[in-house]
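Single-letter residue listing:
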Protein chains: 2
Amino acid sequence: MKLSSEPEKFEVIFLPHGRRDFFEEGTRLLDASQALAIDLASDCGGKGTCGKCKVRIDEGLESLGKIKPSEEKHLTKDMIEGGYRLACLAKIRAPLKVYVPEISRVGKQRLQTEGLEVPVTANPFVRKYFAKMPVPSLHDIRSDEDRLLDTLKKQYKLDPNTLVMEFDIANDFPKIVREANWEATVTIWKDKGLYKIITIEPGDTSGRCFGFACDIGSTKLAGFLMDLNTGKVVAVGSRMNPQTPMGEDVLSRITSVMMGGEEAQNRIQNFVVGGINEIIEECCEKANVNINEIYELCFVGNTAMQMLFLKLWPQYTAFSPYPPVLRRGVNVPAPKLDLKSNVNANTYFVPVIGGFVGADQIAVIQATRMLEREEITMDVDIGTNTEIALGNRDLVTCDSCASGPAFEGMEIKFGMRAATGAIEAVSIEPSSLDLIYRTIEDQPAVGICGSALIDIPAELLKSGLIDLKGKFVSKLAKVTNRLRKGAREWEYVIAWKDESATEHDIVITQGDIRELQKAKAAMHTGAELMLRMRGMTEKDINKMWLAGAFGNFINPENARTIGMYPELPTEKYVFVGNAAGTGARMSLISQEERAYVEKISTTVEYYELATDPEFQSEYARANYFPYQDLNKYPLTKDLLLRLGRIDENGKFIYPE
Amino acid sequence: MKLSSEPEKFEVIFLPHGRRDFFEEGTRLLDASQALAIDLASDCGGKGTCGKCKVRIDEGLESLGKIKPSEEKHLTKDMIEGGYRLACLAKIRAPLKVYVPEISRVGKQRLQTEGLEVPVTANPFVRKYFAKMPVPSLHDIRSDEDRLLDTLKKQYKLDPNTLVMEFDIANDFPKIVREANWEATVTIWKDKGLYKIITIEPGDTSGRCFGFACDIGSTKLAGFLMDLNTGKVVAVGSRMNPQTPMGEDVLSRITSVMMGGEEAQNRIQNFVVGGINEIIEECCEKANVNINEIYELCFVGNTAMQMLFLKLWPQYTAFSPYPPVLRRGVNVPAPKLDLKSNVNANTYFVPVIGGFVGADQIAVIQATRMLEREEITMDVDIGTNTEIALGNRDLVTCDSCASGPAFEGMEIKFGMRAATGAIEAVSIEPSSLDLIYRTIEDQPAVGICGSALIDIPAELLKSGLIDLKGKFVSKLAKVTNRLRKGAREWEYVIAWKDESATEHDIVITQGDIRELQKAKAAMHTGAELMLRMRGMTEKDINKMWLAGAFGNFINPENARTIGMYPELPTEKYVFVGNAAGTGARMSLISQEERAYVEKISTTVEYYELATDPEFQSEYARANYFPYQDLNKYPLTKDLLLRLGRIDENGKFIYPE
């Protein structure tokens, strides 16, 4: 029986961070968020006056009681009905699930939208043609349709037999051409061998023809408004993927759809479309383009994002043997997905390869041209799921491994996304074991983002603070007060409380190291087993393309030092940035590129790691920093030898 | 100033008959309808107890006052809100516009649904394929899509590159195939060079594949549920076209759309779709077919019907030079038109030739194969608008003339549609000038329908009761009391009041004769000018195909006697019945026939009568019975000579 003197505790979980803890009854939600280093804004110090700490209560809303008058000032009616409250005025009296929306988060997210620039000539599926038609008379009684088709044939040599008029525009067609005095611009979309007239606009609008390319990442959305006549980007926008409240990683999102059925499927689709539509509107405003001037859209994303975006039932892809529903590129009328664009715009989703190798990986293979090269190259697309491809013009194979979200700051005590105040780079001074770090926009530290989560274990290893198994060398607590025994486990202080924008020291814990270790081991295993299956070693790799969520912000040598991927000379690592975004743009503006991604989808062979009997033993070996057998990492071995971390036999040298 | 002793009179118009007159204030609507020989049912003699005389008040509803308790018993809430009242309880106190719905009309409409049977082998655009797919495993990780496509290739040699999966079905596809244990039936619709998978059904449903063909006539709708596997009709249904309240002829319907704008356009489209959907449901019930088993629909109708059905703005087609909006065949997803069918069914509308030569005329040319013959043939498609085509394999030309609705019983005092009790055939005994008639289903006479409206002037002419100009020979009133001077004009009694189901003698008036004369003159002019334009005479015609609203019920010799079309020996006239319905069925079940109608649409040349300088003079000559120059009608001239109606010089012999 609980003693009445002990105050009751309730668990609170903050999304999309995924951080949770138990808090005493009556604790303010804002205080709980600060205790968990959640990047929740608050300018007034929690007096309920600034209104910045808006959060959405996804579970336990009723325990907060009635809305307070001061909340009503800051929240719209829709927000109140949607479960929004101010965290500074909410007291914990029951278990809560709390979503921190983008607007309430500290700082501005840094999202990589740039990627490898591959020169592609604009040859889009959508083109505009300005037609000057003769006026009907008793001696020229052709139908309006024939009048237009004959003119297009005469002016542009378009074959009427391949031209189809979309039904929706036939309605107003007779009015439009007459009001425009028989001078009108048609937009034609090439759908396989058919040319579909999707709009008829009065006058000459042929100079204005736009498209939208978008990378749907599990975590972020990056959109590009493109001029289809020139193939150039005219505006860029990005957002966090609003699906995260329904699951941080793709499997939990699929699970929530499986559990919630069609209703959940619709909701999660609406979430992502809502985010995309915001980007479209933002880009249109920036570039002074009307939504109706977007005539085609092109999307890239992993297979789970594809299924959730297109409302394909994702259940069976989540279980062995993980078959995707659709493999080929998909054309869908934009209104069927509720996308903001011309009502007759087509939406193309780039093909996928398998259940865990999606259009994003196709885009990497496309942008790197690895399937066209004579030299062998490998790409590693780092993310919650890491995809790896290997080969050359003769054969490219790919696989995928569940590396988990640790390097995205999830499951890490002070992990955070790459936003203002995030510690993004760390180096440790070997003699004092003290460190220096850099934050995004040089603001007081709020947490640690992905690129620093690679630096930290590398620097800890190089400075001897952790051993080859990733364990803190506790004896060194004598040398630096940064290393200490925390409440539950050993931890190392990255930023002291007084340097930070939080109420805490920002630390990395033994548990955090363990999470990072598991993640990098999974990535390494994916690459290593792929090489073995092909009868190759890392020596055969001429270039390694690094793609994925980190973009170009990581230190590739540190990543190599911790054994995230096979060891190569530094110059062989090449960043490709947001290759998915690059691929989306290429497939939007070029018919040849779209044919090319379909070719990649049928040509690249998927290797299912689950069928590899060596998976478990290899994964165990990869759990060492950088790897159990140091001879596979001669450069790192040399480095650790030079630094005096290991002896000639590769044994870790513990301090006296 | 009106004297108070004179009761006020108000105009009442009855639709779809189009008959109108002024009635004294306080007259019961039922009595007014009987005065105008409207075929409105009433079993109780107007006591308000049978509830059969339901009418919809389209204008002047408020003048009828509150609904009466006895009305409430017979009318549903929806009907009351829709303006329905009982005619026997409604008293005229203001001008009224009254629509008599099908259910309230006396007798059952006789609609011709049969047409020329042209043998066509079933080769539909929609086919079903039963696929038995291998179950996924770790060694067979293909996508669900590839698994299906590969199976279709293996079992049926279908090329995956030409196969597209419709987006709407991809959603449930993974569920369906698994629940069906990987045995499923796909329906594939061939759209130009693409094969679209439009349904995936569990198990083997390949034996059940249906389509719906429909003739959208201005007056009637005729629908055919077809088995696409066999090409056979499985059920037939028909209705009056529910658009008639918005205008009896096509021009008045187009006008009401022009006036009422988009709202009217939607309403008139809903009307016709509502009627078609009723037929679809009726046919499905008769044949025990599910609505979802209808995978394609095919429609035929004149150009106005096409525009109103597809919601194409019809305004400009109504004015010179009458260009249609679309000429080619149109494919539209059935849900966009709200048609009851499988959600992914395609709707095909047969092509048209011009603004007044529609898909119905294409169907006649298709069914008669006139474009394939060596011999010259002509077709005359009789209706409110009469279309005429002439030619052989070298060239077929066509034109169209506004013959008006007189032969459909409109604008004729006792005219009515071909329903129970309609006088359908008449012959006059030459010596007594008395007559015999036949009614549909041998019921007491209610009015006169189209076929009798051809017989009557022919019989009047042969018996000398009218002269060659169509004028009643008043002197003969001495011989028969059937010929008399009515209230306003001369008239001839067809059925005496006591033989009829009405309160009146049923007569044909001088005005009626004039209307019929104008109508037949227009038809004749269309045929004659077409012949002249081609440098031909009626002697060049080897066969004349008679199509249209009358179906096969007219007496072709009587029609020839009044000069409705060029004079040929009787055996050269061939009835083709409901050719539009035949054409709709042919284009539904056969890819070759659908290619053929597209060919007809591009090959047949339209001749615009408005550009013919002889139109007026020819029309004047054709106003005679049968024609001003009797030498053009030698058979009729001989007949009239033998009967003693004319002298050797062709002069009419008036009685002493």
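Residues numbered from 1 in each chain as written. Chains lettered and ligands numbered in written order. Predicted model: local features only at pLDDT ≥ 70, side-chain atom pairs only at ≥ 80, totals over all residues. Heavy atoms only, no water.

### Details of the sheet that holds strand E2 (residues 19–24) of chain A
Residue and element names in this part refer to chain A.
Right, on to step 1. Pairing within the open sheet is mixed, and its five strands lie in the order E2-E1-E5-E3-E4. The two strands at the open ends of the sheet, each matched to only one other strand, are E2 and strand E4 (84–86). The average undirected angle you get between the axes of adjacent strands in this sheet is 35 degrees. (Pairing = 2+ DSSP bridges. Helix = DSSP H or I, 4+ residues; strand = E, 2+ residues; numbered from the N terminus. Axes fitted to C-alpha atoms, helices over the stretch in contact; angles between N-to-C directions.)

### A word on the side chain of glutamate 296 of chain B
All names here are of chain B.
Right, on to step 1. Along the chain, the position of glutamate 296 falls in strand E13 (residues 294–301).
Right, on to step 2. A polar contact of 2.9 Å, which involves the side chain of glutamate 296, links it to the side chain of asparagine 346.
Right, on to step 3. Leaving out residues up to four positions away in the same chain, glutamate 296 has contacts with Phe125, Val126, Trp189, Phe210, Gly211, Phe212, Ala345, Asn346, Tyr348, Leu588 and Arg594. (Polar contact = N/O pair within 3.5 Å; in protein donor to acceptor, adjacent residues only side chain to side chain. Contact = heavy atoms within 4.5 Å.)

### Here we look at the domain arrangement of chain A
When the parts of a complex come together, some accessible area is lost, and that lost area is often used as the size of the interface.
Right, on to step 1. Looking at the assigned domains, one finds that chain A contains domain 1 (9–104), domain 2 (126–202), domain 3 (369–404 + 517–636) and domain 4 (406–510).
Right, on to step 2. Taken over C-alpha atoms, the centre of domain 1 of chain A sits 57 Å from the centre of domain 2 of chain A. (Domains from an automatic or database assignment.)

### Description of the confidence of the model for chain A
Detailed conclusions should not be drawn from predicted coordinates in areas where pLDDT is low.
Right, on to step 1. Model confidence for chain A is summarised by a mean pLDDT of 91, while 97% of its residues fall at 70 or above.
Right, on to step 2. Among the scores for the predicted complex, ipTM is 0.82 and pTM is 0.83. (pLDDT = per-residue confidence, 0-100.)

### Description of the state of the cysteines
Disulfides are covalent bonds that connect the sulfur atoms of two cysteines.
Right, on to step 1. Enumeration according to the criterion identifies zero disulfides over all chains in this entry.
Right, on to step 2. Cysteine cysteine 284 of chain A shares no disulfide, and the gap to the nearest cysteine sulfur, in cysteine 283 of chain A, comes to 7.1 Å.
Right, on to step 3. A residue is classified by how much of its surface remains accessible, and cysteine 284 of chain A, at 4% relative accessible area, is buried.
Right, on to step 4. Take cysteine 298 of chain B: it sits in no disulfide, and the sulfur closest to it among the cysteines is that of cysteine 214 of chain B, at 9.5 Å.
Right, on to step 5. Overall, the relative accessible area of 0% leaves cysteine 298 of chain B in the buried class. (Disulfide = S-S within 2.5 Å. Buried < 20%, exposed > 50% of the residue type's maximum accessible area, 1.4 Å probe, protein only.)

### A word on the interface of chain A and chain B
Right, on to step 1. Between chain A and chain B, the contact holds 47 residues from the first and 47 residues from the second.
Right, on to step 2. On the chain A side of the contact with chain B, Leu138, Phe167 and Arg328 of chain A bury the most area, a combined 17% of that side's loss.
Right, on to step 3. At the boundary of chain A with chain B, the tally comes to six salt bridges.
Right, on to step 4. The residue aspartate 146 of chain A makes a salt bridge to arginine 327 of chain B at a minimum N-O spacing of 2.4 Å. (Buried area = accessible area lost by both parts, 1.4 Å probe. Salt bridge = Lys/Arg side-chain N within 4 Å of Asp/Glu carboxyl O.)

### With respect to the relation of the copies chain A and chain B
Right, on to step 1. Laying chain A over chain B is done by rotating through 180 degrees and shifting 0.2 Å along the axis; what remains is an RMSD of 0.3 Å. The superposition of one copy onto the other is thereby described by a two-fold rotation axis. The position closest to the rotation axis in chain A is occupied by the C-alpha of glycine 193 of chain A, lying 3.7 Å away.
Right, on to step 2. A share of 100% of interface residues in chain A that are also interface residues in chain B marks the association as one of identical surfaces. (Least-squares fit on C-alpha atoms with pLDDT ≥ 70 in both.)

### Brief notes about the sheet that holds strand E20 (residues 435–439) of chain A
All names here are of chain A.
Right, on to step 1. Pairing in this open sheet of three strands is mixed, and the strands run E20-E19-E21 from one edge to the other. Here the strands that pair on one side only, and so sit at the sheet edges, are E20 and strand E21 (447–448).
Right, on to step 2. Against the sheet, helix H10 (residues 450–462) contacts strand E19 (422–428) and E21, and its axis sits at roughly 20 degrees relative to E19.

### Considering the packing of helix H9 (residues 359–368) of chain A against helix H13 (residues 579–589) of chain A
All names here are of chain A.
Right, on to step 1. Between H9 and H13, the least distance of the axes is 8 Å, while the angle of their chain directions is 75 degrees. When the axes of H9 and H13 are compared, the pair comes out roughly perpendicular. Residues Asp360, Ala363, Val364, Gln366 and Ala367 of H9 form the contact with H13, whose own contacting residues are Ala579, Ala580, Thr582, Gly583, Met586 and Ser587.
Right, on to step 2. Residues that form the contact of H9 with H13 fall into these classes: six nonpolar, four polar and one charged. (Parallel < 35°, antiparallel > 145°, perpendicular 65-115°, else oblique. Nonpolar A, V, L, I, M, F, W, Y, C, P; charged D, E, K, R; others polar.)

### Overview of the pairing of strand E16 (residues 377–382) of chain A
All names here are of chain A.
Right, on to step 1. Within E16, six of the six residues are buried, leaving the element largely enclosed by the surrounding structure.
Right, on to step 2. Here E16 shows no split at all, with Thr377, Asp379 and Asp381 on one side and Met378, Val380 and Ile382 on the other all buried.
Right, on to step 3. The pairing of E16 with strand E17 (residues 386–392) spans five bridges and is classified as antiparallel. Bridging from a neighbouring strand, aspartate 381 pairs with glutamate 387 of E17.
Right, on to step 4. Linkage of E16 to E17, two consecutive antiparallel strands, is achieved through a turn of three residues.
Right, on to step 5. Across six bridges, E16 lies against strand E25 (residues 543–548) in parallel orientation. Note that in E25 the partner of methionine 378 across the bridge is methionine 544.

### A closer look at unusual backbone geometry
Right, on to step 1. Each neighbour pair has its own omega, and for phenylalanine 625 of chain A with proline 626 of chain A the value is -10 degrees, a cis peptide bond.
Right, on to step 2. Locating proline 626 of chain A in the fold gives a position in the loop between helix H15 (615–622) and helix H16 (634–642).
Right, on to step 3. Positioned with a positive phi, lysine 311 of chain B is a non-glycine residue whose angle comes to about 55 degrees.
Right, on to step 4. The backbone phi angle of glutamate 441 of chain B is positive, close to 65 degrees, even though this residue is not glycine.
Right, on to step 5. As for its position among the elements, glutamate 441 of chain B is in the loop between strand E20 (435–439) and strand E21 (447–448).

### Observations concerning the packing of aromatic side chains
All names here are of chain A.
Right, on to step 1. Taken as a whole and judged by the stated rule, the model has 16 aromatic pairs over all chains.
Right, on to step 2. Aromatic side chains phenylalanine 652 and tyrosine 654 sit 4.8 Å apart centroid to centroid with 70 degrees between the ring planes, which places their arrangement in the edge-to-face category.
Right, on to step 3. Classification of phenylalanine 652 by relative accessible area gives buried; the value is 13%.
Right, on to step 4. Through pairs of rings, three or more aromatic residues link up here, namely Phe299, Phe309 and Phe349.
Right, on to step 5. The ring of tryptophan 182 has arginine 147 sitting right over it, with the charged end atom 5.5 Å from the ring centre. (Phe/Tyr/Trp six-rings, centres within 6.5 Å; stacked < 30°, edge-to-face > 60°. Lys NZ or Arg CZ within 6 Å of the ring centre and 35° of its normal.)

### Things to note about the pattern of salt bridges
All names here are of chain B.
Right, on to step 1. Tallied over the entire structure, the rule returns 76 salt bridges over all chains.
Right, on to step 2. Of the charged contacts, one joins glutamate 59 and lysine 97 as a salt bridge, the two residues approaching to 3.7 Å between their closest N and O atoms. Highlighted residues: glutamate 59 in strand E3 (residues 54–59) and lysine 97 in strand E5 (residues 96–99), separated in sequence by 38 residues.
Right, on to step 3. A salt bridge links glutamate 375 to lysine 543; the shortest N-O distance between them is 3.6 Å. Taken as a pair, glutamate 375 in the loop between helix H9 (359–368) and strand E16 (377–382) and lysine 543 in strand E25 (residues 543–548) lie far apart in primary sequence, 168 residues in all.
Right, on to step 4. Overall, the relative accessible area of 26% leaves glutamate 375 in the partly exposed class.
Right, on to step 5. What makes lysine 543 partly exposed here is its relative accessible area of 26%.

### Quick word on the environment of alanine 522 of chain B
Residues and elements named next belong to chain B.
Right, on to step 1. One can find alanine 522 in helix H11 (residues 510–533).
Right, on to step 2. On the basis of relative accessible area, alanine 522 is assigned to the buried category, the value being 7%.
Right, on to step 3. In this structure alanine 522 touches Cys401, Ala402, Ser403 and Tyr619, once residues within four positions along its chain are discounted.

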